[in-house]
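An overview of the molecular structure
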Amino acid sequence: MSGEICPLADLRAGERGRVEDGTADHPAFQRLLAMGLLPGTEVSVVQVAPLGDPVEVEFRGMRLSLRKADAATVQVARLD
Amino acid sequence: MDKSRSIRVALVGNPNTGKTTLFNRLTGSRQKIGNYPGVTVDKKSGTWQSGGRTMTLVDLPGAYSLAATSPDERVALDFLTGHLSGEEKPDAVICVVDASNVVRNLFLASQVADLGLPLVIALNMSDAADKASIRVDAALLARRLGVPVVRTVATRGEGIEALGKAVLHAVESRTLMAEVPWPEAVQRAVKYLAAGLEKEGAQSLAPGELRRILFDRHSAVLERAGWPAGSDPEPLLAASRDILTAAGWQPLSAEALLRYEQLGHLTADAVSFPEKRVRTWTERLDTVLTHRVWGLIVFAAMMFLVFQSIYAWSGPFMDAIDGAVVRMQEWVAPWLAAWPTLQSLVVDGIVGGAGGVFIFLPQILVLFFFIALLEDTGYMARGAFLMDKMFGWCGLNGKSFVPMLSSYACAIPGVLATRTIEDPQARLTTILVSPLMSCSARLPVYVLMIGAFIEPTYGAIAAGVVLFTMHFVGLVVAVPVAWAVNKFVLRTRPQPFLLEMPPYRLPRLRDILWRMWERAREFLVRAGTVIVAMTIIIWALVYFPRPDAVRERVVEELSVLNDPDAVDAAVSAAYIEQSYLARAGRALQPIFAPAGFDWKITVGVLASFPAREVIVATLGTIYGIGGEVDESSGDLRSALTREFWTDGPRAGHPVFTVPVALAIMVFFALCLQCGATVAVMAKEANWGWAIFGFVYMTVLAWLGAVLTYQLGTRWLG
Ligand SMILES: Nc1nc2c(ncn2[C@@H]2O[C@H](COP(=O)(O)OP(=O)(O)OP(=O)(O)O)[C@@H](O)[C@H]2O)c(=O)[nH]1
Ligand SMILES: [Mg+2]
């Protein structure tokens, strides 16, 4: 459902979201911030690895592999 | 500025942006490059001549920010802040920026500039950006940022002259990048922090350095500022950060928001993306290669193909080298006929022993061809993505994948590559298990055993399968080992794992050939030095003592035969049986008896602890001396098949059976027989852990060999 807020880890392959917020004091979120995954940035999940973890996400034209535990530190609003 | 002093320039940038490619171009060096993040893990210097000036260029590991959470990023931070022992701050910095991803790359540039360092931006990979119709207006960007921006294509050497001019200009006029308009709260917090540090008697720091301490959770800058040992900086940090919190800023995310906001303004209109998004090659390939089903199938198929090819492609070349070694022995032998001892040393010892190792050069080349291919296409990161979960549960980081895969080439670069792992304990675990990966030096043992015992009985496919399996034994064992180390020794907590997936790139043949050549050279040098030295020692221990009584006894016993060849062979055998090596081997053989090893294999195994290829040389020497001089050890394979037990319960049966061959391979797969690796482990961790690694692997190898032999004899008869 569009607009619903959920952790990035909950998006399935092919789904998109816009970053709302994150766990500011989590090391993973800080590193994502440095890479430019800021509130307002659009992010999509490209693939989920064979055993369900990690996920491959795309934002700002770059692709990143990250574990679900780390992706859970980012809150996104679902798009489309 | 002083014209005589050499200018020191640092290369920084996000991982995988082409810093080392540029460094190699500018300095004529040949440092390792590859299409995945984290290739460079240490600083490397070279000399760069440009515009009549000589500069010292320093290539640094890539980083996304100066938060320096892993040892390799720490090297970059320490160098830039002038804290690396014996190094001053650089005079200027070239920030290498991926032209397809300018904003994110400029985040690091902005942090570097904040340290007060003159900056030049190299807009690298502009060829790839052009192809993707991403336009970057370098002139506009330069005006907005306040520093030179030079378009470069490092792979083709484009933009290098302009870069040289820009750097000299930056050094002369100290061009600094536009500063972030820091909110009043940040300025206040920095002042507060400075005052607090001064009160504690710490070294005074520049505002940019203070901001590092303020914004990064645990900045290494604080440690280097001479914060009084023993006292806790947390209260001061917390009080400074409270100033930010009170003004509505989250201290640990404020910097990213502020810098990206400024960069958004500075790059507006200077960077434009195509209206209609084109589907890139990378996207198309990834739909298959990282797919949860297809991805795994392709991965397994590729690995199998690699090992099958190592075996299949190198056969003819091996035979050619083999032939050359034999011809060399035949050619040398008559020259030295007058001095039988010297003849044996040269023919059986040096040529037979070290030559026996040279034969495996083709396999090494094929293996490195594939490794270079994996590294340069960008597939490595995909492998890490597919495999992460399988290794993650035991405490290994997804980032352990790259060091572990590098260890398939050689554990030394593998252990060094662990520097990209943030968590010290995950890093230590990776250092401990990396030597379990089957390095290229094990290949000769596998190929020798498979060629002599598996292929003749079970065929070429089975040979490929066994080779593939041997390369997986270490990996399969590594997982429980890592689990146990984490559970009982280190108690690691899970760590963030973020790995950028580089775009797929067509590898350049030159890069691949160079890497193959480098490796081949290393292999040959090793065979020519360490292995020759070991071979000479082994030869001496097999050749001596030579009391005449032995010869006389055998001659007398066999005098009825009237067959001089048979007598000669029997004499040689009798000499070996009472040699120093045989005495030592017999004394130690009981240790390996449960694995089915005779004394010759036992000494081979023991002699191989400094370098594992020595086993091949040792067997070559032993059988060389045993055989007749002129048709000696060239064909080690058939010599092995003609070896029988002379005493004990299996007297008269062949020594080398399929279970014995498998047990030898398993032993070599699991054992840490490499002095150089132990030394590197000691350097990267400490001697205690290096010895721990050595001991556990040796024990594991012995258990593995015994288990293989015992089960093997039961099942295969
Ligand atoms: N198309 C294109 N590819 C490039 C260019 N420069 C470098 N590459 C490729 O980019 C990849 C990464 O190059 P490296 O020089 O290893 O990058 P690095 O920045 O040193 O990487 P790390 O040491 O891991 O931080 C290699 O595959 C290079 O061949 C360029 O200008 N254009
Ligand atoms: Mg590099």
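Calculation notes
- Residues numbered from 1 in each chain as written.
- Chains lettered and ligands numbered in written order.
- Predicted model: local features only at pLDDT ≥ 70, side-chain atom pairs only at ≥ 80, totals over all residues.
- Heavy atoms only, no water.
- Helix = DSSP H or I, 4+ residues; strand = E, 2+ residues; numbered from the N terminus.
- Rg over C-alpha atoms; globule rule 2.2 N^0.38 Å.
- Contact = heavy atoms within 4.5 Å.
- Areas by Shrake-Rupley, 256 points an atom, 1.4 Å probe, with all protein chains shown as cover.
- Core = buried A, V, L, I, M, F, W, Y, C linked by side-chain atoms within 4.5 Å.
- Buried < 20%, exposed > 50% of the residue type's maximum accessible area, 1.4 Å probe, protein only.
- Donors = N, O, S within 2.8 Å, 3.2 Å for Na, K, Ca; no water.
- Near = heavy atom within 4 Å.
- Polar contact = N/O pair within 3.5 Å; in protein donor to acceptor, adjacent residues only side chain to side chain.
- Nonpolar A, V, L, I, M, F, W, Y, C, P; charged D, E, K, R; others polar.
- Expected span 1.5 Å × (residues − 1).
- Bend = angle between axes of the 7 residues up to and from the residue.
- Patch = residues over 30% accessible without salt bridge, like charges linked within 9 Å, V, L, I, M, F, W, Y side chains within 5 Å.
- Salt bridge = Lys/Arg side-chain N within 4 Å of Asp/Glu carboxyl O.
- Phe/Tyr/Trp six-rings, centres within 6.5 Å; stacked < 30°, edge-to-face > 60°.
- Lys NZ or Arg CZ within 6 Å of the ring centre and 35° of its normal.
- Buried area = accessible area lost by both parts, 1.4 Å probe.
- Pairing = 2+ DSSP bridges.
- pLDDT = per-residue confidence, 0-100.
- Axes fitted to C-alpha atoms, helices over the stretch in contact; angles between N-to-C directions.

1. Looking at the overall build of chain A
The helix and strand tally for chain A stands at two helices and six strands. Beginning at the N terminus, the succession of helices and strands in chain A can be written as β-β-α-β-β-β-α-β. For 80 residues, the compact-globule estimate of 2.2 N^0.38 gives 12 Å, and the C-alpha radius of gyration of chain A, at 11 Å, lies within 12% of that figure. With respect to the three principal axes, the spread of C-alpha positions in chain A is 30 × 25 × 20 Å. Taking all contacts inside chain A whose residues are at least 6 apart in sequence as the whole, residues at least 24 apart take part in 62%. Approximately 2900 Å² of chain A is accessible, and the part contributed by carbon and sulfur atoms is 49%.

2. Here's the deal with the nonpolar core
Within the largest apolar cluster, 133 residues are counted, with the highest numbers of intra-cluster contacts made by Phe597, Phe656 and Phe667 of chain B. Sequence-distant contacts of Phe667 of chain B, that is, excluding residues within four places in its chain, are made with Phe592, Phe597, Val605, Phe609, Gln673, Ala701, Trp702 and Ala705 of chain B. Counting residues in hydrophobic clusters, the runner-up holds 96 residues, among them Phe59 of chain A together with Ala220, Leu222 and Leu498 of chain B.

3. Regarding the coordination of the magnesium ion (ligand 2)
Residue and element names in this part refer to chain B. Distances from the magnesium ion (ligand 2) to its protein donors, namely Thr20 (OG1) and Thr40 (OG1), fall within the range 1.9 to 2.0 Å. Highlighted residues: Thr20 in helix 1 (residues 19-27) and Thr40 in the loop between helix 1 and strand 2 (44-50), separated in sequence by 20 residues. We note that Thr20, like Thr40, is buried.

4. Focus on the site of ligand 1
Residue and element names in this part refer to chain B. Neighbouring residues of ligand 1: 23 residues in total, closest Lys19, Thr20, Thr21, Val39 and Thr40. Asn124 places a polar side-chain atom, nitrogen or oxygen, 3.1 Å from an oxygen atom of ligand 1. The leading source of residues in the shell around ligand 1 is helix 1, at three residues. Each residue belonging to the shell around ligand 1 can be placed in one class, and the counts come to eight nonpolar, twelve polar and three charged.

5. Quick look at helix 26 (residues 580-592) of chain B
Residue and element names in this part refer to chain B. Look at helix 26: 19 Å from first C-alpha to last across 13 residues, which is about the 18 Å you get at 1.5 Å a residue. Of all the bends in helix 26, the largest measures some 35° and sits at Arg586, one to four residues before the proline Pro590. The set of residues buried in helix 26 consists of Leu581, Ala582, Gly585, Gln589 and Phe592.

6. Concerning a nonpolar patch on the surface
All names here are of chain B. Nonpolar side chains collect at one region of the surface, where Leu588, Ile591, Leu606, Trp687, Ile691, Val695, Val699, Trp702 and Leu703 lie side by side and expose about 800 Å² of accessible area between them. Those elements that place two or more of their residues in the nonpolar patch are helix 26 and helix 32 (687-716). With respect to the element layout, Trp687 can be found in helix 32. For Trp687, a relative accessible area of 52% translates into the label exposed.

7. Some remarks on the packing of aromatic side chains
All names here are of chain B. Tallying each qualifying case throughout the model produces 19 aromatic pairs over all chains. The interplanar angle of 20° and the centroid separation of 4.9 Å between the aromatic rings of Trp539 and Tyr543 together place this pair among those described as stacked. Of this pair, Trp539 and Tyr543 are both found in helix 23 (residues 530-543), four residues apart, which corresponds to roughly one turn of the helix. Taken as a pair, Trp539 and Tyr543 share a single burial class, namely buried. Summarising the aromatic geometry, the rings of Trp539 and Phe544 are spaced 5.8 Å apart at their centres and angled 85° between planes, so their arrangement reads as edge-to-face. An aromatic cluster of at least three residues, connected via ring pairs, comprises Phe592, Phe597, Phe667 and Phe668. Across the ring face of Trp281, the terminal group of Arg284 is positioned such that the distance to the ring centre comes to 5.6 Å.

8. Here's the deal with the interface of chain A and chain B
At the interface, 33 residues of chain A touch 41 residues of chain B. Taken together, the two surfaces of chain A and chain B that pack against each other cover about 3200 Å², and 59% of this comes from carbon and sulfur. Run the count over chain A and chain B and you get two salt bridges. Our count for the chain A to chain B interface comes out at twelve residue pairs in polar contact (both at pLDDT 80 or more). Per element, the largest residue contribution to the side of chain A that touches chain B is seven residues, and it comes from helix 1 (residues 27-34) of chain A. Of the residues assigned to the side of chain A that touches chain B, the class counts are 18 nonpolar, six polar and nine charged. In this structure, strand 5 (residues 62-66) of chain A lies alongside strand 9 (residues 498-501) of chain B, joined through four bridges in antiparallel fashion. Bridge pairing links Leu66 of chain A to Leu498 of chain B in strand 9 of chain B.

9. Looking at the environment of Val153 of chain B
Residue and element names in this part refer to chain B. Examined against the element boundaries, Val153 turns out to sit in the loop between strand 7 (149-151) and helix 6 (160-173). Along the sequence, Val153 and Leu123 sit 30 residues apart, while their C-alpha atoms lie 8.1 Å from each other. The contact partners of Val153, leaving out residues within four places of it in the chain, are Asn124, Ser126, Asp127 and Glu158.

10. Quick look at unusual backbone geometry
In this structure, the amide linkage connecting Asp53 of chain A to the following residue, Pro54 of chain A, adopts the cis form with an omega of -5°. Residue placement: Pro54 of chain A occurs in the loop between strand 3 (42-48) and strand 4 (55-59). Following Phe544 of chain B, the chain continues into Pro545 of chain B via a peptide bond in cis, with omega recorded as -10°. As for its placement among the helices and strands, Pro545 of chain B is situated in the loop between helix 23 and helix 24 (548-557). Phi is positive for Asn16 of chain B, close to 60°, though the residue is something other than glycine. Looking at the secondary structure, you find Asn16 of chain B in the loop between strand 1 (7-13) and helix 1. With phi around 55°, Met125 of chain B is a residue other than glycine that occupies positive phi space.

11. A short note on the environment of Trp249 of chain B
Residues and elements named next belong to chain B. Position of Trp249 relative to the elements: it lies in the loop between helix 10 (234-246) and helix 11 (251-267). Each C-alpha atom, one on Trp249 and one on Trp689, is 43 Å from the other, the two residues being 440 residues apart in sequence. Not counting residues within four places of it along the chain, the set of residues in contact with Trp249 comprises Pro183, Ala185, Leu244, Ala254 and Leu258.

12. Examining helix 20 (residues 443-458) of chain B
Along an α-helix, a turn takes 3.6 residues, which lines up residues three or four apart on a common side. Residue and element names in this part refer to chain B. The terminal C-alpha atoms of helix 20 lie 19 Å apart, and with 16 residues this falls more than 12% below the ideal 22 Å at 1.5 Å per residue. The largest bend along helix 20 reaches roughly 45° and is located at Ile450. Counting buried positions along helix 20 gives twelve out of 16 residues, so the element sits mostly inside the fold. For helix 20, the full list of buried residues reads Leu443, Pro444, Val445, Tyr446, Val447, Leu448, Met449, Ile450, Gly451, Ala452, Phe453 and Ile454. In the segment just after helix 20, Gly459 is the residue with positive phi, at about 95°.

13. Observations concerning the confidence of the model for chain B
All names here are of chain B. Put simply, chain B has an average pLDDT of 87, and 97% of its residues get 70 or more. Predicted confidence is poor over residues 628-634, with pLDDT under 50, and the contacts of this stretch with residues over four places away or in other chains come to 16 contacts. Scored by ipTM, the complex comes to 0.95, with pTM at 0.87.

14. Considerations on the sheet that holds strand 3 (residues 53-59) of chain B
Residues and elements named next belong to chain B. Taken in spatial order, the six strands make up an open sheet running 2-3-1-4-5-7, and their pairing is mixed. In the strand order of this sheet, the two ends are held by strand 2 and strand 7, each with one partner. Across the sheet, the mean angle separating the axes of adjacent strands is 30° when strand polarity is ignored. Of the pairings in the sheet, the one linking strand 4 (residues 92-98) to strand 5 (residues 119-124) comprises six bridges and is parallel in character. Looking across to strand 5, one finds that Val97 is bridged to Leu123. Of the strands in this sheet, strand 1, strand 3 and strand 4 touch helix 2 (residues 71-80), which is tilted by about 145° from strand 1.

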